[in-house]
Amino acid sequence: HILLIDSNSPLMEQLNFFHDHTLLIITLITILVGYNMLSLLTNSFINRFLLHGQLIEIIWTILPAIILLFIAFPSLRLLYLLDETNKPSLTLKSIGHQWYWSYEYSDFKNIEFDSYMVPSAELNEGDFRLLDVDNRIVLPNHTQIRLIATATDVIHSWTVPSLGVKIDATPGRLNQTNFYMNRSGLFFGQC
């Protein structure tokens, strides 16, 4: 995949496939339009039968609609896959605060903690600035995980790009999403 992060979940793999599918369609359209423009610039002949052609107008009206369908159907399928929750085995509640996140493992009693970003002055060799935290979330792989997100002060966004997860944490609301990790590892997210 060109310039995309490696996927660690089935949903992110599907997003990468959709990106490649759409990029291929856009490339073909660009080549076709470029060829037609180059042909118009280099050709000085006039075809008198193309001056008033209803057939060509029908073609250039229907063809873009068909191309849009080739983009819309996979996109809609992907939207429904991203929103579907399949019997989660673990629930993680994430609460956004001004400069940190609070986490609760809802399936277990009294497992909750705060996760603060590590200040630049306290970073160790090999740590990532503005990405490393003092308390990391530990989640199992090959398990369906439900994430419930909310916030206490302003709108936050809980995002882990390699998992294909991005959810808004809004004060006074509970938003939920799900994800499934294919492999174990250290995955960084943003807010």
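My aim in this report is to walk through the structure given alongside it, one point at a time. In this text, all values refer to a predicted model and were calculated from it rather than measured experimentally.

Rules used in this analysis
- Residues numbered from 1 in each chain as written.
- Predicted model: local features only at pLDDT ≥ 70, side-chain atom pairs only at ≥ 80, totals over all residues.
- Heavy atoms only, no water.
- Helix = DSSP H or I, 4+ residues; strand = E, 2+ residues; numbered from the N terminus.
- Rg over C-alpha atoms; globule rule 2.2 N^0.38 Å.
- Buried < 20%, exposed > 50% of the residue type's maximum accessible area, 1.4 Å probe, protein only.
- Contact = heavy atoms within 4.5 Å.
- Areas by Shrake-Rupley, 256 points an atom, 1.4 Å probe, with all protein chains shown as cover.
- Axes fitted to C-alpha atoms, helices over the stretch in contact; angles between N-to-C directions.
- Parallel < 35°, antiparallel > 145°, perpendicular 65-115°, else oblique.
- Nonpolar A, V, L, I, M, F, W, Y, C, P; charged D, E, K, R; others polar.
- Phe/Tyr/Trp six-rings, centres within 6.5 Å; stacked < 30°, edge-to-face > 60°.
- Pairing = 2+ DSSP bridges.

## Notes on the overall build of the protein chain
Regarding its fold elements, the protein chain presents two helices and seven strands. For 191 residues, the compact-globule estimate of 2.2 N^0.38 gives 16 Å, and the C-alpha radius of gyration of the protein chain, at 24 Å, exceeds that figure by more than 25%. For the protein chain, the spread of C-alpha atoms along the principal axes amounts to about 80 × 40 × 35 Å. By the burial criterion, 25% of the 191 residues in the protein chain qualify as buried. Considering only intrachain contacts with a sequence separation of at least 6, the fraction spanning at least 24 residues in the protein chain is 58%. When the accessible surface of the protein chain is summed, it comes to about 13,700 Å², and 62% of that surface belongs to carbon and sulfur atoms.

## Side note on the packing of helix H1 (residues 10-42) against helix H2 (residues 54-83)
Look at H1 against H2: their axes get within 11 Å of each other, and the N-to-C directions meet at 170°. Classified by the angle their axes make, H1 and H2 are roughly antiparallel. Where H1 approaches H2, its residues Leu11, Gln14, Leu15, Phe18, His21, Thr22, Ile25 and Ile29 are matched on the opposing element by Ile67, Phe70, Ile71, Pro74, Ser75, Arg77, Leu78, Leu81 and Leu82. The residue makeup of the contact of H1 with H2, split by class, is 12 nonpolar, four polar and one charged.

## Structural notes on the packing of aromatic side chains
For the structure shown, the criterion picks out five aromatic pairs. Ring geometry for phenylalanine 128 against phenylalanine 188: centres 5.2 Å apart, planes inclined by 75°, an arrangement best described as edge-to-face. With a gap of 60 residues between them, phenylalanine 128 in the loop between strand E3 (112-116) and strand E4 (144-151) and phenylalanine 188 in the segment after strand E7 (175-180) connect regions that are remote in the sequence. Since its relative accessible area comes to 22%, phenylalanine 188 is described here as partly exposed. Members of the aromatic cluster, joined through ring pairs, are Tyr103, Tyr105 and Phe113.

## Comments concerning the sheet that holds E3
Strands sit in the order E3-E2-E1-E4-E7 across an open sheet of five strands; the sheet is mixed. The strands lining the two open edges of the sheet, one partner per strand, are E3 and E7. Taken over all neighbouring pairs, the strand axes of this sheet differ in orientation by 25° on average, direction set aside. Relative to E7, E4 runs antiparallel, the two sharing six bridges. Bridging from a neighbouring strand, glutamine 144 pairs with tyrosine 180 of E7.

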